[in-house]
Number of protein chains: 2
Amino acid sequence: MSKTSRNTIARQKILELINSKKTAISHSSLQEELEGVCDRVTTYRVLERLVNESLIHRIVNVNGVVNYAPCQTCSHKEQHIHQHIHFSCISCGTIRCITDHPIAITLPENYSATEYQLTIAGTCPECL
Amino acid sequence: MSKTSRNTIARQKILELINSKKTAISHSSLQEELEGVCDRVTTYRVLERLVNESLIHRIVNVNGVVNYAPCQTCSHKEQHIHQHIHFSCISCGTIRCITDHPIAITLPENYSATEYQLTIAGTCPECL
DNA sequence: TTTATATTTGCAACAGAGTTGCGTTATGAG
DNA sequence: CTCATAACGCAACTCTGTTGCAAATATAAA
Ligand SMILES: [Mn+2]
Ligand SMILES: [Mn+2]
Ligand SMILES: [Zn+2]
Ligand SMILES: [Zn+2]
């Protein structure tokens, strides 16, 4: 029934690269660092696969560009939900998951949430 | 010093249209509803102008698409900051500003925030 | 009202992100 | 090892947004 995910070279290298980073990475940066390991279309498809397998998650930056980061402290109870802030530094350009900081976000009555994109842009501690 | 913003027909119609909506609207939908009032490039430039004048604000949806909504309950103290949730319904497709609901978001020490994009996707009360 | 000037516009061309179709390659279960 | 099918590369495409430039026009000054 469920398609089995094959452990291809492209998939290995991409997951390795993402996991080796302390900050999130975009498709284009990833493609550069892969140095010809695979086609850019393949990178898109591998990223989609890794997201579906809950190994990485998508971060939509304030400028609309998508970045990817490993899943670590995500909730996997009923479904896989990422309810944490992402900080995007306008100085050094890094995007970081702020997973160790409490936030209180609730919705009004009768709203049902499935996906969170909580991105804040500004200056990070290193650049302040 | 400061360029004076001219009240052109395109600007009038675009601002009218955005203000007439209860939900946010994207550039492409806007362009359709304008029915040939102006070129799509002009629409982009007018939108940019209206954002700079703090009459409307940009909402980056969870899919990365930009939408625009009137500024209403925004803070204008030191700078114009929009610190409220946007809800994107995956059923009816509408994007709504949740301005009448308290949220508590703080950042760890030494992070300085300048822009917030707090978008939550799910099902809205009308579609639940 | 007329004139002057800087802002705004339309058009064409471009750039970047992401998607799709299809024929080929290669993973991994049996 | 065999082989079904997941994954791949390539080319072509869509969608969103940007830029340069000459023409049009809003507005303030004459
Ligand atoms: Mn994260
Ligand atoms: Mn809003
Ligand atoms: Zn920084
Ligand atoms: Zn809805």
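Structure: above.
Residues numbered from 1 in each chain as written. Chains lettered and ligands numbered in written order. Predicted model: local features only at pLDDT ≥ 70, side-chain atom pairs only at ≥ 80, totals over all residues. Heavy atoms only, no water.

Draft legend 1. Molecular detail of the coordination of the manganese ion (ligand 1). Residue and element names in this part refer to chain A. In this structure, His57 (NE2), His84 (NE2), His86 (NE2) and Cys97 (SG) serve as the protein donors to the manganese ion (ligand 1), at separations of 2.0 to 2.3 Å. Overall, the relative accessible area of 3% leaves His57 in the buried class. In this structure His86 comes out as buried when scored by relative accessible area, which is 2%. (Donors = N, O, S within 2.8 Å, 3.2 Å for Na, K, Ca; no water. Buried < 20%, exposed > 50% of the residue type's maximum accessible area, 1.4 Å probe, protein only.)

Draft legend 2. Representation of the interface of chain A and chain B in the model. Tallying the contact residues gives 35 residues for chain A and 35 residues for chain B. Of the roughly 3000 Å² buried where chain A meets chain B, counting both sides, 64% is carbon and sulfur surface. Linking chain A with chain B are 0 salt bridges, by the criterion used here. Linking chain A with chain B are 11 residue pairs in polar contact (both at pLDDT 80 or more). Elements represented by at least two residues in the side of chain A that touches chain B include exactly β2 (56-60), β4 (85-89), β5 (95-98) and β6 (112-123) of chain A. In terms of residues, the side of chain A that touches chain B owes the most to one element, β6 of chain A, which gives 12 residues. Per-class residue counts for the side of chain A that touches chain B are 20 nonpolar, 11 polar and 4 charged. (Contact = heavy atoms within 4.5 Å. Buried area = accessible area lost by both parts, 1.4 Å probe. Salt bridge = Lys/Arg side-chain N within 4 Å of Asp/Glu carboxyl O. Polar contact = N/O pair within 3.5 Å; in protein donor to acceptor, adjacent residues only side chain to side chain. Helix = DSSP H or I, 4+ residues; strand = E, 2+ residues; numbered from the N terminus. Nonpolar A, V, L, I, M, F, W, Y, C, P; charged D, E, K, R; others polar.)

Draft legend 3. Main features of the nonpolar core. Counting residues in each nonpolar core, the largest one holds 32 residues, and the members touching the most others are Ile14, Ile18 and Leu30 of chain A together with Ile14, Ile18 and Leu30 of chain B. Filtering out sequence-adjacent residues up to four positions away, Leu30 of chain B remains in contact with Ile14, Leu17, Ile18, Ile25, Thr43 and Leu47 of chain B. Within the second largest apolar cluster, 23 residues are counted, among which are Ile105 of chain A together with Ile85, Ile105 and Tyr111 of chain B. (Core = buried A, V, L, I, M, F, W, Y, C linked by side-chain atoms within 4.5 Å.)

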